[in-house]
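Chains, contacts and geometry: an overview
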Amino acid sequence: MNKERLITGDWDYSSIDGQIGDVVLDANRHTEAKVPGLLGKLMPANMRSPWFLIIGIGFVFVNVLLLSITILVLTGIGVWGNNQPSGWGFDIINFVWWIGIGHAGTLISAILLLLRQQWRNSINRFAEAMTIFAVMCAGMYPLLHTGRPWVAYWLFPYPNVLALWPQFRSPLVWDVFAVSTYMTVSILFWYVGLIPDFATLRDRAKSKVGRVLFGMAALGWTGSAKHWFRYNHASIMLAGLSAPLVLSVHSIVSFDFAMSIVPGWNVTIFPPYFVAGAVFAGFAMVIILAIPVRKWYRLEAFITMKHFDWMAKVMLATGLIVAYGYGMEVFYAWYSGVPYETALLFNRTNLFESPYSWAFWSLILFNVVFPAFLWFPKVRQNLTALFWISMSVSIGMWFERYVIIPLSLTRDYLPSSFGYYTPTIVDFAMFFGTIGFFLFMMFLFIRFLPMINIFEMKELWHHMSHEKAHAHEAAAQEAH
Amino acid sequence: MGLFRDTAPKHYGTVASFLTPEQLLAATQRAKDAGFRDVDTYSPIPVEGVCELLKFDETKLGWITFFGGLAGAATGLWLEWWTSTIAYAHNVGGKPLESWPMFFPVLYECTILFAAFGATFGMLGLCGLPKPHQPIFNAPLMERASQDRFVLCIEATDPNYDPKDVAEFMKTLNPEEVETVMTSEGY
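Owing to the predicted nature of the structure, the values given are computational and were not obtained by experimental measurement. (Residues numbered from 1 in each chain as written. Chains lettered and ligands numbered in written order. Predicted model: local features only at pLDDT ≥ 70, side-chain atom pairs only at ≥ 80, totals over all residues. Heavy atoms only, no water.)

A word on the overall build of chain A. The helix and strand tally for chain A stands at 16 helices and zero strands. Relative to a compact globule of 480 residues, whose C-alpha radius of gyration would be 23 Å, chain A shows 24 Å and is just as compact. Contacts spanning at least 24 positions in sequence make up 78% of the contacts within chain A whose residues lie at least 6 apart. As displayed, chain A offers around 19500 Å² of accessible surface, 70% of which is attributable to carbon and sulfur atoms. Of note, chain A has its 31 positive side-chain charges centred 6 Å away from the centre of its 26 negative side-chain charges. (Helix = DSSP H or I, 4+ residues; strand = E, 2+ residues; numbered from the N terminus. Rg over C-alpha atoms; globule rule 2.2 N^0.38 Å. Contact = heavy atoms within 4.5 Å. Areas by Shrake-Rupley, 256 points an atom, 1.4 Å probe, with all protein chains shown as cover. Lys, Arg positive; Asp, Glu negative; His and termini not counted. Charge placed at Lys NZ, Arg CZ, Asp CG, Glu CD.)

Turning next to the environment of A:Asp10. Checked against the element boundaries, A:Asp10 lands in the segment before α1 (13–25). C-alpha separation for the pair A:Asp10 and A:Ser465, spaced 455 residues apart in sequence, amounts to 9.8 Å.

Listed as interface residues are 65 residues of chain B and, on the opposing side, 55 residues of chain A. Summed over both sides, the interface between chain B and chain A buries roughly 5300 Å², with carbon and sulfur atoms accounting for 70% of that surface. On inspection of chain B and its partner chain A, the count reaches two salt bridges. Here chain B and chain A share 23 residue pairs in polar contact (both at pLDDT 80 or more) between them. Going through the elements one at a time, α1 (21–33), β2 (39–42), α2 (50–53), α3 (60–87) and α4 (100–127) of chain B are the ones with two or more residues in the side of chain B that touches chain A. For the side of chain B that touches chain A, the class distribution of residues is 42 nonpolar, twelve polar and eleven charged. (Buried area = accessible area lost by both parts, 1.4 Å probe. Salt bridge = Lys/Arg side-chain N within 4 Å of Asp/Glu carboxyl O. Polar contact = N/O pair within 3.5 Å; in protein donor to acceptor, adjacent residues only side chain to side chain. Nonpolar A, V, L, I, M, F, W, Y, C, P; charged D, E, K, R; others polar.)

If you walk through the whole model with that rule in mind, you get 57 aromatic pairs over all chains. Ring geometry for A:Phe90 versus A:Trp398: centroids 5.3 Å apart, planes at 80°, classification edge-to-face. Of the two residues, A:Phe90 is situated in helix α4 (residues 90–114) and A:Trp398 in helix α14 (residues 383–410); the sequence distance between them amounts to 308 residues. Assigned by exposure class, A:Phe90 and A:Trp398 land together as buried. Judged by centre distance (5.3 Å) and plane angle (70°), the ring pair of B:Phe66 and B:Phe67 falls under edge-to-face. By relative accessible area, which is 46% here, B:Phe67 ends up partly exposed. A cation sits over an aromatic face here: A:Lys306 above A:Trp310, 4.8 Å from the ring centre. Sitting above the plane of the A:Phe274 ring, A:Arg401 keeps its charged end 5.8 Å from the centroid. (Phe/Tyr/Trp six-rings, centres within 6.5 Å; stacked < 30°, edge-to-face > 60°. Buried < 20%, exposed > 50% of the residue type's maximum accessible area, 1.4 Å probe, protein only. Lys NZ or Arg CZ within 6 Å of the ring centre and 35° of its normal.)

Scanning all chains against the criterion turns up zero disulfides over all chains. Take B:Cys153: it sits in no disulfide, and the sulfur closest to it among the cysteines is that of B:Cys51, at 15 Å. (Disulfide = S-S within 2.5 Å.)

What follows is about the nonpolar core. Residue and element names in this part refer to chain A. Grouped together as the largest cluster of nonpolar side chains are 200 residues, with contacts concentrated most on Phe257, Phe438, Met442, Phe445 and Met451. Here this core gets 17 residues from one element, more than from any other, and that element is helix α9 (residues 270–296). Apart from residues lying up to four places away in sequence, Phe445 is in contact with Arg125, Phe126, Ala129, Phe133, Trp190, Pro450 and Met451. (Core = buried A, V, L, I, M, F, W, Y, C linked by side-chain atoms within 4.5 Å.)

In this model, chain A carries a mean pLDDT of 86, and residues with pLDDT of at least 70 account for 98%. When mean pLDDT is compared element by element in chain A, helix α15 (residues 425–448) of chain A scores highest at 92, while helix α16 (residues 454–479) of chain A scores lowest at 76. (pLDDT = per-residue confidence, 0-100.)

Turning to the packing of helix α12 (residues 357–369) of chain A against α14(A), a few remarks are in order. Residue and element names in this part refer to chain A. Interhelical geometry of α12 versus α14 gives an angle of 145° and a closest axis separation of 8 Å. Relative to α14, the crossing made by α12 is left-handed. Note on element contacts: α14 touches α12 through Ser392, Val393, Ile395, Gly396, Met397, Phe399, Glu400, Tyr402 and Val403, opposite Trp358, Ala359, Phe360, Ser362, Leu363, Phe366 and Asn367. Residues of the contact of α12 with α14, tallied by class, amount to eleven nonpolar, four polar and one charged. (Axes fitted to C-alpha atoms, helices over the stretch in contact; angles between N-to-C directions. Left-handed = near helix turned anticlockwise from the far one by under 90°.)

Axis separation between helix α6 (residues 171–204) of chain A and α4(B) bottoms out at 10 Å; the angle between their running directions is 20°. Taken together, the axis directions place α6(A) and α4(B) in an arrangement best described as roughly parallel. For the pair α6(A) and α4(B), the sense of crossing is left-handed. Classifying every residue of the contact of α6(A) with α4(B) gives 18 nonpolar, three polar and one charged. (Parallel < 35°, antiparallel > 145°, perpendicular 65-115°, else oblique.)

Another aspect to go through is unusual backbone geometry. Peptide bonds are, in most cases, trans, and in most cases residues other than glycine have a negative phi. Of the consecutive residues A:Gln84 and A:Pro85, the connecting peptide bond is found in the cis state with omega at 0°. Mapping A:Pro85 onto the fold places it in the loop between α3 (50–75) and α4. With an omega of -5°, the peptide bond running from B:Leu129 to B:Pro130 counts as cis. Mapped onto the secondary structure, B:Pro130 falls in the loop between α4 and β3 (150–155). Although it is not a glycine, A:Arg298 sits at a positive phi angle of roughly 50°. Among the secondary structure elements, A:Arg298 is positioned in the loop between α9 and α10 (305–336).

A separate point is the pattern of salt bridges. Residue and element names in this part refer to chain A. All chains considered together, the criterion is met by twelve salt bridges over all chains. We note a salt bridge from Arg380 to Asp309, for which the minimum N-O separation is 2.8 Å. In this pair, Arg380 sits in helix α13 (residues 377–380) while Asp309 sits in helix α10, placing the two residues 71 residues apart along the sequence. Take Arg380 and Asp309: they sit in the same class, and that class is buried.

Okay, structure coming up:
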């Protein structure tokens with residue numbers, strides 16, 4: 001592997017700290033990039049930066065989210081479009097979509113760590129934060145879908161006066177355990193990774209408040225050899241625990257469907273197909289966020305074109321698995337010979353008679369056709385193209401869940417229970433609200449925590465400069 | 001003890017800072033060769049090979065994580081079995097009450113959760129964290145140990161520790177700076 005392309009330019013330990021850590025410590029780093037054009041002119045001069053713009057947009061949509069939740073809680077889930085026969089709608093579509101987006105973070109931090117892939121270092125912190133906020137967005141949906149979120153704790157096993165316990169044979173209860181475990185372990189892993197960086201920030205911070213807050217967050221990290229030894233040990237073990245966790249969480253999410261007897265859901269390919277789709281969507285979101293942030297904060301040296309190239313390749317590979325999944329769904333429907341499955345297939349694909357064929361064919365377009373351009377190295381090296389392909393993947397993965405949920409529910413065994421699912425404005429408000437919430441949280445994270453793992457970058461730089469020095473020595477000896 | 005607690009400053013150790021991990025490794029080797037036992041190093045990145053020199057090889061964390069996982073598995077399985085067969089025995093579609101394959105997902109998640117708690121809190125516990133102020137922070141040069149300096153510390157608990165001799169010895173290692181770290185009880 002050509003390590004040199006993982007960090008470009010001349011650095012030393014201190015300047016790496018400065019370039020990454022000062023994004024947090026120096027408020028001016030957030031106003032360097034300016035919003036151009038009319039939009040920029042409308043913003044106050046000292047806030048004319050993309051950071052303020054996005055945090056502002058995020059804030060507006062957080063309020064849209066709160067409003068939609070208020071309407072929902074005051075009225076009941078009748079304000080959503082789901083009704084008989086489609087008891088699941090936007091809530092479950094978005095739940096699965098958000099959980100999937102979160103998976104890239106854990107994949108990058110855990111599986112690539114176990115595989116000793118050093119290119120993960122530049123993007124793991126960022127992606128882990130994404131995981132946490134995406135899981136937060138995901139968690140809201142099942143919580144609100146209960147209709148009475150204030151008694152959501154009934155989902156957990158606890159001794160109660162009614163002597164009622166959760167039904168452990170239900171995949172929905174598995175979901176509760178899977179998602180809450182996933183959230184907890186992701187936060188632990190993320191925090192453990194942040195401890196050495198908090199120590200660096202504690203020692204670099206100039207303000208008293210910064211020193212105290214980062215000092216508390218660093219928990220008294222000294223960087224002792226013994227601390228590092230245990231730290232490395234703990235990271236490897238957390239990675240080892242998170243890697244199967246990623247696979248299990250999305251498998252369990254897919255069990256919500258696969259354990260049922262609804263046509264189109266009851267298939268064994270769902271677990272691997274869902275996991276691959278999650279990685280696909282997750283990497284797309286990492287690229288969508290990384291491209292602008294890298295430019296605004298001048299992090300080109302740490303997130304290089306090599307990183308984008310590899311992320312694009314992971315997307316290409318998982319995209320092909322997902323495409324294989326679509327192929328298999330068609331094959332199963334035909335090979336099983338079950339009339340309901342075959343009927344469902346026609347309902348998905350028939351352009352003239354199916355009410356949902358627009359969703360299915362958009363899915364194929366966004367998830368199979370557009371990502372196919374990633375086969376070309378030129379496209380993988382073109383950030384604009386990469387950004388829009390990642391957007392297409394995000395939309396495509398959303399359509400995938402859309403195709404799975406209302407389509408199967410509105411066309412099952414009895415024609416008398418056929419229907420059509422139409423989301424309402426509250427559904428859309430909540431969906432865009434969670435996107436705003438996600439952006440808002442991500443940009444708060446960028447402002448207050450180091451978005452690239454500082455000590456890992458220093459370690460990587462150290463190894464690289466070592467290898468360079470050895471190469472120089474070898475060359476000098478040969479010359480003699 | 002109580003009011004008469006001895007808070008007079010005591011020696012914690014002597015620290016020396018170096019510019020590169022290689023210099024730190026060489027200095028640690030010299031300190032070990034000179035017969036010092038209680039030696040530690042502080043660095044912004046993990047330095048490869050330093051734990052071998054310090055003969056520090058701890059396997060406790062692995063066991064803590066393992067037993068955490070075991071406890072999680074036991075808790076998950078017990079919870080599911082007890083609620084499904086005793087506390088709330090409910091016939092669902094004629095399935096057996098002890099339908100263990102159905103218990104697997106929750107059992108698995110509980111195992112991972114408790115093992116992760118073991119790894120995280122075990123690591124913190126073994127390191128003695130959280131402890132926002134450590135005695136070693138009394139050395140001003142430690143501020144750079146989380147940034148760009150590599151620090152060697154010979155601790156006062158070492159049988160051969162004598163502040164003057166150790167400082168003299170440290171200077172022969174060609175360090176950037178040498179400092180004596182003082183501490184008082186409670187710090």
